[in-house]
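# Structural description and commentary
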Amino acid sequence: QQYSRLVLGSAEDELNCDAQGRFVLPSRLRERANLALGSELLLVGAGDRMEIWSASEYAAYEADPDGYGAARRDVIERAEAKLRGAVR
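What counts, and where the lines are drawn
Residues numbered from 1 in each chain as written. Predicted model: local features only at pLDDT ≥ 70, side-chain atom pairs only at ≥ 80, totals over all residues. Heavy atoms only, no water. Patch = residues over 30% accessible without salt bridge, like charges linked within 9 Å, V, L, I, M, F, W, Y side chains within 5 Å. Areas by Shrake-Rupley, 256 points an atom, 1.4 Å probe, with all protein chains shown as cover. Salt bridge = Lys/Arg side-chain N within 4 Å of Asp/Glu carboxyl O. Buried < 20%, exposed > 50% of the residue type's maximum accessible area, 1.4 Å probe, protein only. Pairing = 2+ DSSP bridges. Helix = DSSP H or I, 4+ residues; strand = E, 2+ residues; numbered from the N terminus. Phe/Tyr/Trp six-rings, centres within 6.5 Å; stacked < 30°, edge-to-face > 60°.

### Details of a nonpolar patch on the surface
A cluster of nonpolar side chains, namely L15, F23, L43 and M50, defines an oily patch on the protein surface of about 380 Å² accessible area. Of the residues examined, L43 reaches a relative accessible area of 60% and is grouped as exposed.

In structure tokens:
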């Protein structure tokens, strides 16, 4: 449950577009991605999807790709380990 909540808890199943192709990114996703109103955003192609980044967050990622998000990854990895332990 913890792993699913951490990994899937922010997911959006559907974003609706208006007639001009615009959509509203839900506030909880904007907050998690540090997308402040009026801040510079980047759209990054990633295979079959597009990522929306705060320019400052993407700069931090580029400066240290391996270290970026390490604390979040650690929490997810611990939850996944618990899940694997429960499956046995």
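Let us keep going from here.
### Thoughts on the pairing of strand β1 (residues 41-46)
In the sheet, β1 pairs with strand β2 (residues 49-54) via six bridges, with the strands oriented antiparallel. The residue bridging L41 from the neighbouring strand is S54, located in β2. Between β1 and β2, which pair antiparallel one after the other, the connecting turn spans two residues, and G47 there sits at a positive phi close to 70 degrees.

### Remarks on the packing of aromatic side chains
All chains considered together, the criterion is met by five aromatic pairs. Aromatic pair Y61 and Y68: ring centres 5.8 Å apart, planes at 85 degrees, arrangement edge-to-face. Pairwise contacts between aromatic rings join W53, Y58, Y61 and Y68 into one cluster.

### Structural notes on the pattern of salt bridges
Tallied over the full model, the rule gives four salt bridges. Ionic pairing is found between E51 and R49, a salt bridge with its closest N-O pair at 3.1 Å. We classify E51 as partly exposed; its relative accessible area is 23%.

### Focus: unusual backbone geometry
Here N34, not a glycine, exhibits a phi torsion of approximately 60 degrees, which is positive. Here N34 is to be found in the loop between α2 (27-32) and β1. Looking at N34, the relative accessible area reads 41%, which means it is partly exposed.

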